[in-house]
Amino acid sequence: MQELSPRQKYDLRRKLEELKACKGKHTELISLYVPPNKQISDVMAYLRNEYSESQNIKSKTTRKNVLSAIESIMSRLKAFKRPPENGVVFFVGHKSIGSDQTEMVAYVIEPPLPFKTFIYRCDSEFYLQPLEEMLVERDVYGLLLIDRRECTIGMLRGDQIELLKYMTSQVPGKHGRGGQSQRRFERLTEIAAHEWFEKCGEKASEIFLAEKGLKGILVGGPGPTKKYFVEEKYLHHEIQNKIIELFDTGYTDEYGLRELVASAADTMADLRISQEKKMMKRFLKEITKGKDSLALYGEEEVRRALEMGAVDILLLSEDLRKYRITLTCPACNYSESKTVDEKDLDKTYTCPKCGVPMEVKEKIDLIDELSELAEKTKCKVELISKNSPEGDSLYSAFTGIAGIARYPLEKKL
Ligand code: ZN
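Reading guide: rules and limits
- Along each chain, residues carry numbers from 1 onward, in the same order as the chain's sequence is written.
- Given that this is a predicted model, residues contribute local features only at a pLDDT of at least 70 and side-chain atom pairs are listed and counted only at 80 or more, while totals for whole chains, interfaces and linings are drawn from all residues.
- Heavy atoms from the whole structure form the basis of all side-chain values; hydrogens and water molecules are not counted.
- Donor atoms (N, O, S) are those found within 2.8 Å of the metal centre, with the cutoff raised to 3.2 Å for Na, K and Ca; water is not part of the atom list, so apparent gaps in a site can occur.
- Only protein chains enter the accessibility calculation, which uses a 1.4 Å probe; a residue is then buried when its area is under 20% of its type maximum, exposed when over 50%, and partly exposed in between.
- DSSP-based pairing: two strands are paired if at least 2 bridges between them are found.
- Helix numbering and strand numbering both begin at the N terminus, where a helix is a DSSP run of H or I of at least 4 residues and a strand a DSSP run of E of at least 2.
- Working convention: axes come from line fits to C-alpha atoms, limited for helices to the stretch in contact. Angles between N-to-C directions cover 0 to 180 degrees.
- With respect to orientation, any angle under 35 degrees is reported as roughly parallel, any angle over 145 as roughly antiparallel, any angle of 65 to 115 as roughly perpendicular, and every other angle as oblique.
- Whether two residues touch is decided by their heavy atoms; if any such pair falls within 4.5 Å, the residues are in contact.
- Note that Gly is not counted as nonpolar here; it falls among the polar residues with everything else outside the nonpolar set of Ala, Val, Leu, Ile, Met, Phe, Trp, Tyr, Cys and Pro and the charged set of Asp, Glu, Lys and Arg.
- We define a salt bridge as a contact between a side-chain nitrogen of Lys or Arg and a carboxyl oxygen of Asp or Glu at a distance within 4 Å.

Participant: In this structure, what is going on with the coordination of the zinc ion? I would like to understand it.
Facilitator: By definition of the ideal shapes, a tetrahedral metal site with four donors has angles of 109.5 degrees and an octahedral site with six donors has angles of 90 or 180 degrees. Surrounding the zinc ion are the protein donor atoms Cys-329 (SG), Cys-332 (SG), Cys-351 (SG) and Cys-354 (SG), which sit 2.2 to 2.3 Å from the metal. Residue Cys-332 is classed as partly exposed on the basis of its relative accessible area of 35%.

Participant: Can you walk me through the sheet that holds strand S14 (residues 359-365) in this structure?
Facilitator: The strands that make up a sheet pair up through hydrogen bonds in the backbone, lying either parallel or antiparallel. Strand order in the open sheet formed by three strands is S13-S12-S14, with antiparallel pairing between adjacent strands. Looking at which strands have only one partner, the edges of the open sheet turn out to be strand S13 (335-341) and S14. Ignoring which end each strand starts from, the neighbouring axes of this sheet average 25 degrees apart. Here strand S12 (residues 322-328) runs beside S13; their pairing, made up of seven bridges, is antiparallel. By the bridge assignment, Thr-328 is partnered in S13 with Ser-335.

Participant: Can you walk me through the packing of helix H1 (residues 6-20) against helix H10 (residues 366-376) in this structure?
Facilitator: Helix-helix packing is characterised by the crossing angle of the two axes and by the distance between the axes. Where H1 meets H10, the closest approach of the two axes is 11 Å, and the angle between their N-to-C directions is 170 degrees. It follows that H1 is roughly antiparallel to H10 by the angle criterion. From H1, Arg-7, Tyr-10 and Asp-11 reach across to H10, where they touch Ile-367, Asp-368, Ser-371, Glu-372 and Glu-375. Residue classes in the contact of H1 with H10 are distributed as two nonpolar, one polar and five charged.

Participant: What should I look at first to understand the environment of Arg-303 in this one?
Facilitator: By the secondary structure assignment, Arg-303 is in helix H9 (residues 299-307). Put simply, Arg-303 and Lys-95 are 208 residues apart on the chain and 38 Å apart in space, counted from C-alpha to C-alpha. Setting aside residues no more than four positions away along its own chain, Arg-303 makes contact with Arg-324, Thr-339, Leu-366, Glu-369, Leu-370 and Leu-373.

Participant: Help me understand the pattern of salt bridges, please; the structure alone is not making it clear to me.
Facilitator: Opposite charge on two side chains permits them to pair, given that their charged atoms come into close proximity. In total, this model carries 29 salt bridges according to the counting rule given. Here Glu-318 ties to Arg-13 by a salt bridge, and the two come within 2.8 Å at their closest N and O atoms. Here Glu-318 is found in the loop between strand S11 (311-317) and S12, whereas its partner Arg-13 is found in helix H1, with 305 residues between them in sequence. One salt bridge connects Asp-100 with Lys-25, and the closest N-O pair in it is separated by 3.2 Å. Placement of the pair is Asp-100 in the loop between strand S2 (88-96) and strand S3 (102-109) and Lys-25 in the loop between H1 and strand S1 (29-34), with a sequence separation of 75 residues. The exposure class of Asp-100 is exposed, given its relative accessible area of 62%. The class for Lys-25 is partly exposed, based on a relative accessible area of 37%. Counted as one network, the salt bridges with shared partners bring together Arg-14, Glu-17, Arg-321, Glu-342 and Asp-365.

Participant: In this structure, what is going on with the side chain of Asp-368? I would like to understand it.
Facilitator: Along the chain, Asp-368 turns up in helix H10. Those residues in contact with Asp-368 that lie beyond four places of it in its chain are Arg-7, Tyr-10 and Asp-11.

Participant: Looking at this structure, how should I read the sheet that holds strand S9 (residues 243-248)?
Facilitator: Taken in spatial order, the five strands make up an open sheet running S7-S6-S5-S8-S9, and their pairing is mixed. Two strands in the sheet have a free side with no partner beyond their single neighbour: strand S7 (160-168) and S9. In this sheet, adjacent strand axes meet at a mean angle of 20 degrees when their direction is disregarded. As defined by bridge partners, strand S5 (residues 140-146) adjoins strand S6 (residues 150-157) across seven bridges and the pair is classed as antiparallel. Its bridge partner lying in S6, Val-140 is registered against Arg-157.

See below:
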């Protein structure tokens, strides 16, 4: 299971908000989940059957609405030879828009993660659970257990423990065999141990480096060997930097992986909350620095710094509900971009030159627009929720848009 990027999470969350807001007057909103391995022809057959069953719906309006929703899905489904890589989900139906009015809506969503189950639902709201589950945090941690006899490498994904490699060593025990001098025996043992640690270090580094988005690494084992292994830097330096903590475990095999995860539970819970907090604390500390402050905030200042490639970390509140629109005047070709609140999207903007109403040429979610700008200069984007006091202050005190600069910038007064 891959990890979603902050952007993918944000996009999905917004989509779910929109879908959740759709309410049917009756059971007439259809949700259809077509998993990647499902034959389109089977889905068609299923829908044809639903169509004929739905002829029996008593209420005339509901029947009409359900039938037209199924027809709409069938015609959209025809565009697919086979389901896309992660499957495809259709949400179609008549949503209520006040008084006795309804409006037909149709969403076709290719989710960022695959799902397994075929689902057809007709209800007064859309069935969103499988998509909501994709938003559950699934942090990935590397697990490494080592002593002089065994080495086990695994991965923790969400709450799933995965065993990836189990190795045993040829390092002789502490006691020499007859006929060898004790010193010679000890020297050979140390050489064997060194080779064993090298082999484990290489294998673990290879596995952990291949895992993108690894949050950190937990190292365990009985006795002092793990500490020696870490201190002597048998791991690749990038992996070495990701070590969170060393834990004592009684075992170094698959069972030890469970021991390791259990002893690290508190540490990991702290890590999860603190990522956002840590970023915001850094920003708030910069704010107090005065002249050499690296803190940036407000759209104008942050945008200017982004365009200069001077932003190291961009902090955006997940609750920003703004759009960047490009307007063009049909009469004189005057064009401008501006940021507007979601609620002002339908407003008319007139040309400052000739007073003619301008046309919206482009509309993009402000978070997406700023993130794209950031990615061009390798600036890291952090989406911050309002779940912590620090996150809340980003939204309420700093307009939801802030950043930490790479170097102090001259501020406009
Ligand atoms: Zn004009």
